[in-house]
Amino acid sequence: MSEQTKETKVIEDIGIDAGLEQLTEEQIEKTIMSVINAEGGTRLEAYTKTCVHCGLCSEACHYYHSHDKDPQYAPVGKVRNTMWNFLTKKGKISKEELKRAVLIAHTECNLCRRCVQYCPFGVDTAYIIALVRRIVHKLGITPQYIQDTAHSHAATFNQMWLKDDEWVDTLFWQEDEARDEIPSMRIPLEKEGADFMYSVIAPEPKFRTQLIYQAAVIFNECGLDWTMPSTTGWDNSDMCMFTGDFEMMGRLKRDHYECAQRLKVKKVVMGECGHAYRSIYDQGNRWVGWRDMPVPVIHSIQFFWELLKAGKIKVAKTIDKLATFHDPCNTVRGMGLHEMGREVAKAFYPNFVEMQPNREHNYCCAAGGGVINCGPPHKMTRVLGNRVKAEQLKATGAEVLIAPCHNCHGGLEDIIHHYKLDMEIRFLGDIIYECMEKPNAV
Amino acid sequence: MHSIYNFATGPLCWAAFIIFIGGLLLKFISMVRRARSSEPYIFGYFSPYFGLRSVIAWLIPFVPRNGKLNPVFTVVTFAFHICLLVAPLFLMAHVMLLQEGVGMHWGTLSDATADVMTVIVLVGLAYFAYRRCTDPTAKYVTGPKEWVLLALVAAPFLTGFLAYHQIFDYQVMVVLHILSGEAMLIAIPFTWLSHMLLFPMVRMYQGSEFGGVRHVKDW
C-alpha cells in the first residue's frame, strides 16, 4: 500500500462527512440514477462501452506514476471505483464507497485530460469523473473548501467573497502604488469601447495583487487602449465548473461575457489562469448556449506573445539563469498555446531547458481541476500524488520554473517545498514586468 | 452431425450475420438519435477533417506517443487486428462458401498465408491474456467478462486452425468452428467487442474537440 492510500482512508472533510450523515441510501440511489439517466447521455454510454479494460491510459496519469503503478490511481481504476461501481450496482452503494468516490473524483483526478490522449479510443475519463462530481454536488457532499468558493461565486459572482467596493478599491490602490514608478499610470475603469477588457481571477485582488499591478504596467508601457469593469463580471474564474454546479457555471459565464458586451470592448484579455480559460472557451459557454466565445477571449500567453511579436514589448534585459517551462493543461491540452508560451519565456530567459515530457504531453501540476481548492485536508493527496512532477523538474537542473497559471503555481510551490527542490517559480507577466523597456518609468 | 452442420451454415449463419450487422447498425442509429435529442451540441463541434485526422493518426503504428511508449503492445495489437479482419474475410474456404451460398466472391489468400495469420491472431490473444495477468492496471480491471470475450475471439481461430490441419475429429472441429464464429459475431454488438464501431465514432468526436476547439493534437 502506498503512502497516500493509507492517508486517504483517514481524511476528514466536514463537507463530505457531515453531508453523508444526512443522506439515506434511497436518496443516494435516486440521485445517482437520476443524474446518470438525465445527464449521462450518449457520451457516458459510448465511453463506458468502448473501454476494453486494457489499462493503456495508466501511462498518462501522474498519480499512477507517483504511486509506483498502483492501479487504483490509473484513470480506468478511478472510473472502476466511481462510475462503473455506480452503474453496475445501479446506484445502490454504501456511504463508505461513496466517500471513496468523492475523494477520487475531487482529489485524485485533476481533469487534466492527459489520459484522453493516451487512450487509443479517446475515452474521456475527465468527462466521466466530472459527471461523478456532478452527482456529488447534487448529493451535497462536495469537499468543504471548494464548496465554499462555489458559494462565494453564487453570492458575490467572484470566487473569494470580495465585496463590490473592495474590488474597485483594490484597483485604485494598485494604480496609486504604480504611480510611484510610472506617474502617468492609469487603470482605466469602465471605459466603453476600449480595445480590450482585462479580466482576472478573484485570488489576484485577494492574494496576488502585484499581478494586477504588473499587468497594468505592461499595458501602459505598451500604450494599449484597455479597461477593467467596476461591476461583477470582472472575475473570470469558475469553481462551480469543477464542483459540478453547472447552473452556477452558466450564470458566471453569462455575467462575464455580458460585462464585456456592456463595455463594448473588442475582446477580453485574461490573466495567467488555466481553469478560467477552460470555463470560457469550452464548458461555461456551452452551458449558456454559445457554441464559441461570444466575445473573443485571449489568454495572457497569447497576448504577451502578440505584443512581443509586434514589437510593443521590448526586451530591456535578459536573465542568465537556467529556466524551464511548465505547460498548464488548460492552455496546452486546452488551447495549444505551448509554442507561444515558450517563445515568450525564451525571449527573457535565453538559457532554457525543456522538461520531459513537455508541451501537450506535460505532466499536470496536480493542483488544477479544483483539487487545490479542496483545501488543507487534501494537500498531501496532491503533493504525494505528484512525485513524478518533482522528478521531472529535478531532472532539468533549472533554477527557474516558468508557469503561466495560478493553480499550477500553487501546486508547484507545494511540490518544490515538499521535495526540497531549489527552484524559483515565475509568471510570464512577472518576468515581462521586470525585464521590459519602461519608457515612462521614473 | 450433418443436420447440425446444415443448421449452423444455414439459418444460424443468417441469424448470426443479421444480429451482428443489424445490431451494430441499430446501435449506431440509436446512439446518434439519442445524442441528437440529449446532447445535440456534439454535432455542432463535429469536424470530419479533425475527426479523420485523429483516426488516421491512431491507425498508424508508433505515431501516438503512447504507442511509442508501449512498442510490444503496438506491434502485437496492429498485427492482431489486421490478421483478425483479413484472414477470415479472404480465406479461400470462406470465399468459396460464400460463392456457393449467395454467389458473391472476391480475391483470396493462399492457405499458407491464412494459416500464418491465424497463428498471429492466436499469439496476439495469448499476449493479451498474459498482459491481463501481469500489467497492474489491466489486471485490476479484468474480470470474468474479459476472459470470456478473449476466449470467444480465440475459439473460431483455434478450431479453424485445428480443422484445417485435421487435428482431432475434422467434422466436429468444423462444426465447433462455425458455431464459435457465430457466437463471436453475435457477441460483438452487445459487448466491448463493439469497439469496432465505437472506435471511429468516439475517436472522431474526440478528434473534433481536440482539433477544432482546443487546437491541439490528441495523440
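What you see is a predicted model; the values in this text were computed from it and never measured.

Draft legend 1. Examining the overall build of chain A more closely. Looking only at helices and strands, chain A has 21 helices and seven strands in total. For 442 residues, the compact-globule estimate of 2.2 N^0.38 gives 22 Å, and chain A sits close to it at 22 Å. Seen through its C-alpha atoms, chain A measures out along the principal axes to roughly 70 × 45 × 35 Å. When burial is assessed residue by residue, chain A has 67% of its 442 residues classed as buried. At a minimum sequence separation of 6, the contacts of chain A that also span at least 24 residues come to 82%. Accessible area for chain A stands at about 15,400 Å²; split by element, carbon and sulfur atoms hold 50% of it.

Draft legend 2. Up close: the overall build of chain B. Assigned secondary structure in chain B consists of twelve helices and zero strands. Listed N to C, the secondary structure of chain B is α-α-α-α-α-α-α-α-α-α-α-α in terms of helices and strands. Based on the C-alpha atoms only, the size of chain B along its principal axes is roughly 60 × 40 × 35 Å. Within chain B, the fraction of its 219 residues that count as buried is 42%.

Draft legend 3. Spatial organisation of a nonpolar patch on the surface. Residue and element names in this part refer to chain B. Taken together, the side chains of Trp14, Ile18, Leu89, Phe90, Val102, Met104 and Trp106 define a hydrophobic patch exposed on the protein surface, amounting to about 700 Å² of accessible area. Contributions of two or more residues to the nonpolar patch are made by α2 (11-38) and α6 (71-90). Looking at the element boundaries, Met104 is found in the loop between α7 (92-102) and α8 (111-134).

Draft legend 4. Looking closely at the sheet that holds strand β2 (residues 226-227) of chain A. Residue and element names in this part refer to chain A. One open sheet accounts for four strands, arranged β2-β1-β3-β4; its pairing is parallel. Strands at the two margins of the open sheet, each flanked by one partner only, are β2 and β4 (297-299). For strand β3 (residues 267-270) and β4, the ladder comprises three bridges, and the chain directions are parallel. Bridging from a neighbouring strand, Met270 pairs with His299 of β4. Against the sheet, helix α13 (residues 246-262) contacts β1 (196-199), β3 and β4, and its axis sits at roughly 145° relative to β1.

Draft legend 5. Structural context of empty space enclosed by the protein. All names here are of chain A. All told, the structure shown has four cavities of 30 Å³ or more when counted by the stated rule. Reported here for the largest cavity is a volume of approximately 190 Å³. Together, 20 residues line the largest cavity, and Cys51, Cys57, Val76, Cys119 and Val123 are the ones closest to its centre. Counting residues per element, the ones that place at least two in the lining of the largest cavity are α3 (25-50), α5 (75-88) and α7 (125-139). With four residues, α5 is the single largest residue contributor to the lining of the largest cavity.

Draft legend 6. Highlighting the pattern of salt bridges. Residues and elements named next belong to chain A. Going through the model one piece at a time under the given rule, you end up with 40 salt bridges over all chains. One salt bridge connects Asp292 with Arg291, and the closest N-O pair in it is separated by 2.8 Å. A salt bridge links Lys321 to Glu424, with the nearest nitrogen and oxygen atoms 3.7 Å apart. Linking Lys321 in the loop between α15 (300-309) and β5 (323-325) with Glu424 in strand β7 (residues 424-426), this pair joins segments that are 103 residues apart in sequence. Through salt bridges with shared partners, one network takes in Lys317, Lys321, Glu424, Arg426, Asp430 and Glu434.

Draft legend 7. Seen up close, the interface of chain B and chain A. Of the residues lining the interface, 43 residues belong to chain B; the matching set on chain A comes to 54 residues. At the boundary of chain B with chain A, total buried surface from both sides reaches about 4,100 Å², with 54% on carbon and sulfur atoms. At the surface where chain B touches chain A, the tally comes to five salt bridges. The partner of Glu39 of chain B in a salt bridge is Arg43 of chain A, and the shortest N-O contact between them spans 3.0 Å.

Draft legend 8. Quick look at the sheet that holds β5 of chain A. Residue and element names in this part refer to chain A. Taken in spatial order, the three strands line up as β5-β6-β7 in an open sheet, and their pairing is parallel. The open sheet has two free edges, formed respectively by β5 and β7, since each of these has just one partner strand. Each strand axis lies, on average, 25° off the axis of its neighbour in the sheet, ignoring direction. Bridge count for strand β6 (residues 400-402) against β7 is three bridges, and the pairing is parallel. By the bridge assignment for β7, Val400 is matched with Glu424.

Draft legend 9. Broad picture of the nonpolar core. All names here are of chain A. Formed by 98 residues in total, the largest nonpolar core has its most connected members in Met83 and Phe86. Top contributing element to this core by residue count: α7, with nine residues. Residues lining this core come from more than one domain, with at least three contributed by each of domain 1 (3-142) and domain 2 (156-308). If sequence neighbours within four positions are ignored, Phe86 has contacts with Ile32, Met33, Ile36, Gly91, Ile93, Leu98, Ala101, Val132 and Ile135. Formed by 71 residues, the second largest nonpolar core is a distinct cluster that contains Leu162, Ile187, Val217 and Ile402.

Draft legend 10. Just helix α8 (residues 144-156) of chain A, in detail. All names here are of chain A. Here α8 is 13 residues long and its end C-alpha atoms lie 18 Å apart, about the 18 Å a rise of 1.5 Å per residue gives. Within α8, burial applies to Ile146, Gln147, Thr149, Ala150, Ser152, His153 and Thr156. Check the buried side of α8 and you find it contacts α6 (95-107), α12 (240-243) and α13. Just downstream of α8 lies Phe157, where phi reads positive at about 65°.

Draft legend 11. Inspection of the domain arrangement of chain A at higher detail. Residue and element names in this part refer to chain A. The domains assigned to chain A are domain 1 (3-142), domain 2 (156-308) and domain 3 (315-435). Here the C-alpha centre of domain 3 lies 22 Å away from the C-alpha centre of domain 2. Tallying the contact residues gives 25 residues for domain 2 and 28 residues for domain 3. The junction of domain 2 with domain 3 conceals about 2,500 Å² of combined surface from both sides, 68% of it contributed by carbon and sulfur atoms. Summed over the shared surface of domain 2 and domain 3, the number is one salt bridge. The salt bridge involving Arg208 is made with Glu413; its shortest N-O contact spans 3.9 Å. Counting every contact that joins domain 2 to domain 3 gives ten residue pairs in polar contact (both at pLDDT 80 or more). Counting residues per element, the ones that place at least two in the side of domain 2 that touches domain 3 are α11 (209-221), α14 (275-288) and α15. A per-class count over the side of domain 2 that touches domain 3 returns 14 nonpolar, six polar and five charged.

Draft legend 12. The arrangement of α13 of chain A in detail. Its 17 residues place the ends of α13 of chain A 24 Å apart at the C-alpha level, agreeing with the 24 Å of an ideal helix rising 1.5 Å per residue. Among the residues of α13 of chain A, those classed as buried are Phe246, Met248, Met249, Gly250, Leu252, Lys253, Asp255, His256, Tyr257, Cys259 and Ala260 of chain A.

Draft legend 13. Examining the pairing of β3 of chain A more closely. Residues and elements named next belong to chain A. The pairing of β1 with β3 spans four bridges and is parallel. The residue bridging Phe196 from the neighbouring strand is Lys267, located in β3. The handedness of the β3 to β4 crossover, carried by α14, is right-handed.

Cut-offs used in this document
- Residues numbered from 1 in each chain as written.
- Chains lettered and ligands numbered in written order.
- Predicted model: local features only at pLDDT ≥ 70, side-chain atom pairs only at ≥ 80, totals over all residues.
- Heavy atoms only, no water.
- Helix = DSSP H or I, 4+ residues; strand = E, 2+ residues; numbered from the N terminus.
- Rg over C-alpha atoms; globule rule 2.2 N^0.38 Å.
- Buried < 20%, exposed > 50% of the residue type's maximum accessible area, 1.4 Å probe, protein only.
- Contact = heavy atoms within 4.5 Å.
- Areas by Shrake-Rupley, 256 points an atom, 1.4 Å probe, with all protein chains shown as cover.
- Patch = residues over 30% accessible without salt bridge, like charges linked within 9 Å, V, L, I, M, F, W, Y side chains within 5 Å.
- Salt bridge = Lys/Arg side-chain N within 4 Å of Asp/Glu carboxyl O.
- Pairing = 2+ DSSP bridges.
- Axes fitted to C-alpha atoms, helices over the stretch in contact; angles between N-to-C directions.
- 1 Å grid on protein atoms, 1.4 Å probe; cavity = no way out; pocket = protein on both sides within 12 Å on 5 of 7 lines; lining within 4 Å.
- Points joined across faces, edges and corners; volume = space filled by probe spheres on them.
- Buried area = accessible area lost by both parts, 1.4 Å probe.
- Core = buried A, V, L, I, M, F, W, Y, C linked by side-chain atoms within 4.5 Å.
- Domains from an automatic or database assignment.
- Expected span 1.5 Å × (residues − 1).
- Polar contact = N/O pair within 3.5 Å; in protein donor to acceptor, adjacent residues only side chain to side chain.
- Nonpolar A, V, L, I, M, F, W, Y, C, P; charged D, E, K, R; others polar.
- Right-handed = clockwise from strand over helix to strand, strands pointing away.

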